[in-house]
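Coordinate analysis (summary)
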Amino acid sequence: MTRRRWLADLAWLPGQGVRRDVLIEADGDRFTSVTPASAPATTSAPPVTSAPSDIIRLRGLTLPGFANAHSHAFHRALRSTTQAGRGTFWTWRERMYDVAARLDPDSYHRLARATFAEMALAGISCVGEFHYLHHQPGGHPYADPNAMGRALVQAAADAGLRITLLDTCYLSGGLAEEGLLPLAGTQLRFGDGDAVRWAARATELGCDPHGMIAPHAQAGAAIHSVRAVPRGQMHPVVAWAHRFGAPLHVHMSEQRAENEVCQVVYGMSPTRLLYEEDVLGPRTTVVHATHVDDGDLELLSGGQTFACLCPTTERDLGDGLAPARALAAAGCPLTLGSDSHAVVDILEEARGVEYAERLARQARGHFTAEALLRAASTDGHTSLGWPDAGEIAPGARADLVSVSLDSVRTAGAADGVALEAAVFAATAADVTDVVISGRDVVRDGVHLLVPDVPGELSRSIRAVLG
Ligand SMILES: [Zn+2]
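Residues numbered from 1 in each chain as written. Predicted model: local features only at pLDDT ≥ 70, side-chain atom pairs only at ≥ 80, totals over all residues. Heavy atoms only, no water.

**Considerations on helix 15 (residues 453-465)**
The end-to-end C-alpha distance of helix 15, which contains 13 residues, comes to 18 Å, matching closely the 18 Å that a straight helix rising 1.5 Å per residue would cover. Buried within helix 15 are the following residues: Val453, Gly455, Glu456, Leu457, Ser460, Ile461 and Val464. The backbone nitrogen of Gly455 has a side-chain oxygen 3.0 Å away, supplied by the residue at the start of helix 15, namely Asp452. The first or second residue beyond helix 15 is Gly466, which carries a positive phi of 75°. (Helix = DSSP H or I, 4+ residues; strand = E, 2+ residues; numbered from the N terminus. Expected span 1.5 Å × (residues − 1). Buried < 20%, exposed > 50% of the residue type's maximum accessible area, 1.4 Å probe, protein only. Polar contact = N/O pair within 3.5 Å; in protein donor to acceptor, adjacent residues only side chain to side chain.)

Next up, the structure:
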């Protein structure tokens with residue numbers, strides 16, 4: 001085990017707010033002690049004034065690692081290209097299918113490694129990868145039916161991140177008034193036939209009884225949406241998640257059209273359908289929850305289902321504004337995701353939640369910077385099955401993200417508003433240093449494992465766009 005020590009100019013500590021001159025120690029992948037300058041020294045912590053050479057100085061504000069609770073890594077290739085001309089959610093989806101059609105395990109590994117490296121540069125220590133690109137074009141399995149999933153797990157290791165591989169059940173090509181449509185075209189790559197075969201393949205990935213695939217990787221399950229999984233096929237996915245103690249994620253009510261057709265086919269909203277099929281609960285995350293009404297909120301109330309908001313994607317796709325405050329008031333812990341990677345910046349997602357609420361209600365002050373950071377850290381990690389991450393506290397996983405407070409965007413912020421400066425003024429470009437599970441991944445804005453992230457993004461995207 002490697003002992004490490006850092007001295008943070010400012011650090012955000014659970015229950016204490018922002019403290020100055022915080023000595024943080026770790027052994028291997030866990031923090032062992034956290035000591036602010038003004039606190040009584042613990043037996044294990046040397047006096048801060050000694051500042052031996054093995055102590056790494058972290059300037060600016062140091063936060064726990066960010067969790068990106070909703071990602072589709074291959075969507076990174078669509079950035080900018082889908083902004084040319086006009087289009088709808090559905091034409092965007094056609095472009096997305098074009099990229100999906102071209103990927104194989106090698107090209108996906110390169111694209112995901114570059115995308116995850118971009119995430120690490122933005123302070124993301126853990127990604128929830130909502131993965132449905134399982135099979136070869138046409139739907140035939142690869143020799144290893146989990147070759148694509150393994151490519152993602154390896155890509156996360158290469159980029160220094162932890163990953164929860166949310167292996168996604170995707171069985172239908174859509175929901176129309178006449179019922180569920182068969183998979184067609186590119187979608188054939190997504191399907192396992194039925195949920196029992198999905199579960200068999202997901203099990204073959206080889207996680208242990210606690211759902212761990214590797215020290216940095218955890219297995220999770222996903223139901224793509226009520227559009228892609230028939231009602232009668234949901235139970236095997238829920239049962240699989242229960243068996244492995246795995247997180248369960250599902251897209252829910254991203255577009256009004258989904259609600260309308262669900263009403264016609266099932267006579268109820270997507271929220272009620274998922275509620276009746278026992279999909280909701282404290283292990284589950286509903287992604288988007290954009291178009292939920294009071295009845296839906298009532299069903300969610302008290303169930304501790306996580307709600308993952310992806311404000312930069314939702315505004316990019318013209319989805320609408322999720323009722324963030326009402327979801328939080330219903331007891332849904334909020335989490336954040338960069339989803340389609342229109343940008344990769346969890347700070348932008350965090351303030352996006354508050355700003356959307358301000359626009360919807362024409363009033364300010366719904367979420368504090370601290371509440372938004374909890375969504376980005378503690379609650380995000382818990383929703384991905386890592387409840388021991390997301391806090392700078394003894395025993396927690398040793399993840400640190402330092403945000404510059406003297407960049408052109410953040411300069412001038414007093415210590416007392418450091419959290420507000422990070423959430424409302426800083427961007428991913430202000431992240432200087434990132435430690436993940438006790439290991440330096442980013443130092444002075446440079447990724448230590450993937451030296452040329454822009455170059456790798458450029459090459460891997462050109463390879464799939466042709
Ligand atoms: Zn998504």
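**Quick word on empty space enclosed by the protein**
In this approach the atoms are scanned with a rolling probe the size of a water molecule, which exposes any empty space left behind. All told, the structure shown has 3 cavities of 30 Å³ or more when counted by the stated rule. Lining the largest cavity are 19 residues; nearest its centre among them are Phe89, Trp92, Met96, His224 and His251. The leading source of residues in the lining of the largest cavity is helix 1 (residues 89-102), at 5 residues. Size it by volume and the second largest cavity reaches roughly 50 Å³. If you go around the second largest cavity, the residues you meet are His75, Leu78, Arg79, Ser80, Thr82, Gln83, Trp92, Asp316, Ser340, His341 and Ala342. Split by residue class, the lining of the second largest cavity holds 3 nonpolar, 6 polar and 2 charged. (1 Å grid on protein atoms, 1.4 Å probe; cavity = no way out; pocket = protein on both sides within 12 Å on 5 of 7 lines; lining within 4 Å. Points joined across faces, edges and corners; volume = space filled by probe spheres on them. Nonpolar A, V, L, I, M, F, W, Y, C, P; charged D, E, K, R; others polar.)

**Some thoughts on the nonpolar core**
Counting 130 residues, the largest nonpolar core has Phe74, Phe116 and Leu327 as the members making the most contacts within it. The element that contributes the greatest number of residues to this core is helix 2 (residues 105-121), accounting for 8 residues. The next biggest cluster of nonpolar side chains, apart from the first, holds 15 residues, and it includes Ala8, Ala11, Val22 and Phe31. (Core = buried A, V, L, I, M, F, W, Y, C linked by side-chain atoms within 4.5 Å.)

**Thoughts on the coordination of the zinc ion**
Distances from the zinc ion to its protein donors, His70 (NE2), His72 (NE2), His251 (NE2) and Asp339 (OD), fall within 2.1 to 2.8 Å. One can describe the donor arrangement at the zinc ion as irregular, given that its 4 donor atoms subtend angles of 84 to 170° at the metal. Sequence positions of the donors to the zinc ion reduce to the motif H-x1-H-x178-H-x87-D. On the criterion of sequence distance, the pair formed by His70 in strand 5 (residues 66-71) and His251 in strand 12 (residues 248-252) is long-range, its members being 181 residues apart. Relative accessible area serves as the criterion here: at 0%, His70 is assigned to the buried category. (Donors = N, O, S within 2.8 Å, 3.2 Å for Na, K, Ca; no water. Tetrahedral: all angles 85-135°; square planar, octahedral: opposite > 155°, others 65-115°.)

All we've got here are geometric facts, nothing functional implied.
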